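Understanding the architecture of this molecule
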Amino acid sequence: ISVYEYKKVFSPTYIRFIVENTGVTIHDDKIKNVFVPFYRVDSSRNKDTGSSGLGLYLVSELLKKQGCRYDIYCKENSTVFIVDIKAYNKSNNDYI
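This report concerns the structure included in the present document. (Residues numbered from 1 in each chain as written. Predicted model: local features only at pLDDT ≥ 70, side-chain atom pairs only at ≥ 80, totals over all residues. Heavy atoms only, no water.)

1. Overview of the packing of aromatic side chains
Working definition: an aromatic ring pair is given by the centre-to-centre distance plus the angle between the planes. A full pass over the atoms with the stated rule returns 2 aromatic pairs. Aromatic side chains F35 and Y70 sit 5.0 Å apart centroid to centroid with 65° between the ring planes, which places their arrangement in the edge-to-face category. Placement of the pair is F35 in the loop between α1 (28–31) and α2 (55–65) and Y70 in strand β3 (residues 69–75), with a sequence separation of 35 residues. Judged by relative accessible area, F35 falls into the buried class, the value being 18%. Plain terms: the ring middles of F35 and F81 are 6.2 Å apart, the flat faces sit at 45° to each other, and that makes the pair tilted. With a gap of 46 residues between them, F35 in the loop between α1 and α2 and F81 in strand β4 (residues 78–86) connect regions that are remote in the sequence. Both residues of the pair, F35 and F81, belong to the buried class. Through a chain of ring-to-ring contacts, three or more aromatic side chains come together here, namely F35, Y70 and F81. (Phe/Tyr/Trp six-rings, centres within 6.5 Å; stacked < 30°, edge-to-face > 60°. Helix = DSSP H or I, 4+ residues; strand = E, 2+ residues; numbered from the N terminus. Buried < 20%, exposed > 50% of the residue type's maximum accessible area, 1.4 Å probe, protein only.)

2. Considerations on the nonpolar core
Grouped together as the largest cluster of nonpolar side chains are 9 residues: I26, I31, V34, F35, L63, C68, I72, F81 and V83. Ignoring sequence-local partners within four residues, the contact set of C68 consists of L63, V83, D84 and I85. (Core = buried A, V, L, I, M, F, W, Y, C linked by side-chain atoms within 4.5 Å. Contact = heavy atoms within 4.5 Å.)

3. Regarding the pattern of salt bridges
Where charged atoms from two side chains of opposite charge approach closely, those side chains can pair. All told, the structure shown has 4 salt bridges when counted by the stated rule. Across the pair R69 and D84 runs a salt bridge, and its minimum N-O distance is 3.7 Å. One end of the pair, R69, is in strand β3; the other, D84, is in strand β4, and 15 residues separate them in sequence. Relative accessible area serves as the criterion here: at 28%, R69 is assigned to the partly exposed category. (Salt bridge = Lys/Arg side-chain N within 4 Å of Asp/Glu carboxyl O.)

Right under this line is the structure:
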């Protein structure tokens, strides 16, 4: 996991979290669907070989409600998930 602060021109400061799952690759034709409810990369419906397909959907809904930006992409032998969260300044109750 990598965490760092960055600032884009004309935007607030964000804290970026990067999680890279090595050894797992999701092909481009499937990765676009991982935030769809009940979608499973493994098309088997066997409960012993996978999950319900709700995890990343629920994560994406929570992130949207908090105004976060997120993305997912694949590299040769890994899947990378990025989350940008607006930095908040507690002393003046406002975003940086």
